[in-house]
Structures are given as C-alpha cells and as structure tokens.
Amino acid sequence: MSAEASVGSHAADPAESAVSQPAFHNTDELRNRGLLGSKYVKLNVGGSLHYTTVQTLSKEDSLLRSICNGGTEVSIDSEGWVVLDRSGRHFGLVLNFLRDGSVPLPEDHRELDEVLKEAQYYRVQGLVQHCLSAMQKQKDVFETVCRIPMITSAKEEQKMIATCRKPVVKLQNNRGNNKYSYTSNSDDNLLKNIELFDKLVLRFNGRVLFVKDVLGDEICCWSFYGEGRKIAEVCCTSIVYATEKKQTKVEFPEARIFEETLNILIYENGRGSGPGGLHLLDSRGSGSSLGAEEEGAAGGDRRVRRIHVRRHIMHDERGHGQQTVYKD
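Overview of the structure. (Residues numbered from 1 in each chain as written. Predicted model: local features only at pLDDT ≥ 70, side-chain atom pairs only at ≥ 80, totals over all residues. Heavy atoms only, no water.)

## Some thoughts on the pattern of salt bridges
Here is step 1: A complete count under the given rule lists nine salt bridges for this structure.
Here is step 2: The salt bridge involving Glu-118 is made with Arg-86; its shortest N-O contact spans 2.9 Å. Highlighted residues: Glu-118 in helix α6 (residues 109-122) and Arg-86 in the loop between β4 (82-84) and α5 (91-100), separated in sequence by 32 residues.
Here is step 3: Since its relative accessible area comes to 10%, Glu-118 is described here as buried.
Here is step 4: For Arg-86, a relative accessible area of 25% gives the class partly exposed.
Here is step 5: Of the charged contacts, one joins Arg-175 and Asp-187 as a salt bridge, the two residues approaching to 2.6 Å between their closest N and O atoms. Here Arg-175, found in the loop between β5 (168-173) and β6 (181-182), pairs with Asp-187, found in helix α9 (residues 186-204); they are 12 residues apart in sequence, far enough to count as distant.
Here is step 6: A relative accessible area of 42% places Arg-175 in the partly exposed class.
Here is step 7: The exposure class assigned to Asp-187 is partly exposed, which follows from its relative accessible area of 34%.
Here is step 8: If you follow the salt bridges from partner to partner, you end up with Arg-89, Glu-111 and Glu-114 in one network. (Salt bridge = Lys/Arg side-chain N within 4 Å of Asp/Glu carboxyl O. Helix = DSSP H or I, 4+ residues; strand = E, 2+ residues; numbered from the N terminus. Buried < 20%, exposed > 50% of the residue type's maximum accessible area, 1.4 Å probe, protein only.)

Rendered as structure tokens:
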C-alpha cells in the first residue's frame, strides 16, 4: 500500500511541477528559445538597465533582432533581465536610433568613435552610416583649419624643417627676450608681424608649412626654408639710442616679408632643385636692398640672404650735433 502510494506520488510530481513552475525556468531553455512570444524586453547592458519592446529591437536586421528571434544565444538572469556584456554608456543612444530612425550624435570625436564601435557591434547599419557621415563632416571641417606647429625645442624644429617637403616660413616671436625697453611703436609692429603671419597662413595654407617659434633667441625674426635649408632671413629688430640709452626697436617690413614668401614658393614640390632653381633664387636676391647680407653655406654657391631692416646704431657713429639717420 505504501509502495503504491509512493509510486503514485512520484507519478504526480512531474504534472504538478509542470503547472506550478513558470515556463523557461531553465537558463539553457531561455538561451535556446530567445525572446519568442515576449512583447517587452528587459536589458542589462553592463549594469545599465533598459526596458523596451521586441518591436523596437527588431526594426533593423541587427544583432538585437537576432537575439529577439532566438538566432543568437543570450543569458537571462533569474529576474528575467537579458544580460549583455557590453558598456551601457551609449546603449540608450542605440535604442533611440532604433525608435526614431535618427539621433543627435556627440560632437567630441572620441565619443563619436565609441558610438560607432557600439553600432558596429550591434550591427545597426543605419547608425553606422550616420556616424561615418558625421565623422566625414568633422574631417572636412578640420581640414579647412590651419594647423600651426608650436616648436618646443631646437632639435624638434630642425627635424621638422629637414623632413618637410614643402617650403617653410618660420616666425620667431619672443617678446620677453629683451634687456632694453621698447620704442613707442614696437608693440604695434610686433602685433602687425603676427597678424601678417596669420594672413599668410590663410593665403598659402597647403602650399607652405608655417611655424611659429615663441622660444627662440630673436624678438621678431622671419626665416624662409626650402628643401630643408634656410634660404633667407628677415630680422625686424634693431638697437637704437634715445636720450643716451639703448632701446629695442621692432619694425614691420611687410613688403619684404611678402616678397620672400613668394620667393620661397619656387621650392614647392621640389621645383627649386637643380641649378635652374638656384639661378632663379640668386637673380631674385641680387636686387636686395641695403642691409642685406649673404653668407656661404655648405653647398658652396648656396647662400642665405639675411635682411636687417635697420642696422645697429652705435653712440660714437653719430657726428656731434647730427641727427641719426637709419638706412634701409
């Protein structure tokens, strides 16, 4: 009697368990069945909880649709949350794109790249294309911005100039490197030189590499390079006397600077190589104004034109009772 009761109770257990236990209690069963028959989905993405519908997740042929229709195995915890081992930082943006078909993207390039990586992982092709288009727009904007390298050491400067295939125009601008007081117009002329540098950058951007050096020895000096060597130099500072004391004077030789910038263009795309380019440069330099000096270089007949817009005036050079005359 007891044996029959025992058998009967064992036979009734499976039927009772089938009624009392919820469907898909086993985790393996849930992985195999996916989210078939469900309307709402609870997602745990790296600790970020999201509640959405199967219809939203199935809008694109993506990994999320595959999860919903059982094509991809997923882990579901005891509370029914679908656990995805990804960062949940941008998952809300992915969901909003699936809901609306469009979404504002972050302007920061790094964050935009993170969104792109998430869209590629979930295979949401519409969001992938949206991110790529935004990146291309950012690239187009960045390419129109002039990039001016800031030199931090003489070694870095030499390496940049030696390896650059474009002509180089460098402005040394170190106002603090002065042991005398400035004349009344020097500050204005310093600003004019800087403004001219910015104008030249905008005009010749892409054809000439422009370098601004704020750590050099010169207060205001322009240097022009071609094929890795210095071609010309325009020094805009001089030492003058006023009331028996020395002062530093800064000039603004706009025409000379612009002329040397145009001269350096013969080295664009290697056009200054060979005797023809050198001959053209020498012929342009033969008409230099007073104050121009030419120094020999390692290349023999290759010279560097050094133009000083004002020569140094010493106290004993002036005649008694004579006014100082500056020579250009």
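That covers the picture; the talk isn't over yet.
## Things to note about α6
Here is step 1: With 14 residues, α6 ought to run about 20 Å at 1.5 Å a step, and its terminal C-alpha atoms sit 20 Å apart, in line with that.
Here is step 2: Two or three places before Arg-110, at the opening of α6, Asp-108 has a side-chain oxygen 3.1 Å from that residue's backbone nitrogen. (Expected span 1.5 Å × (residues − 1). Polar contact = N/O pair within 3.5 Å; in protein donor to acceptor, adjacent residues only side chain to side chain.)

## Section: the pairing of strand β9 (residues 229-235)
Here is step 1: Of all seven residues in β9, six are buried, a share of seventy percent or more.
Here is step 2: In the sheet, strand β8 (residues 220-226) pairs with β9 via six bridges, with the strands oriented antiparallel. What sits directly across from Ser-223, in β9, is Glu-233.
Here is step 3: Taking the residues that link successive antiparallel strands as the turn, the β8-β9 hairpin has two residues, and the phi of Glu-227 there is positive, at about 55 degrees. (Pairing = 2+ DSSP bridges.)

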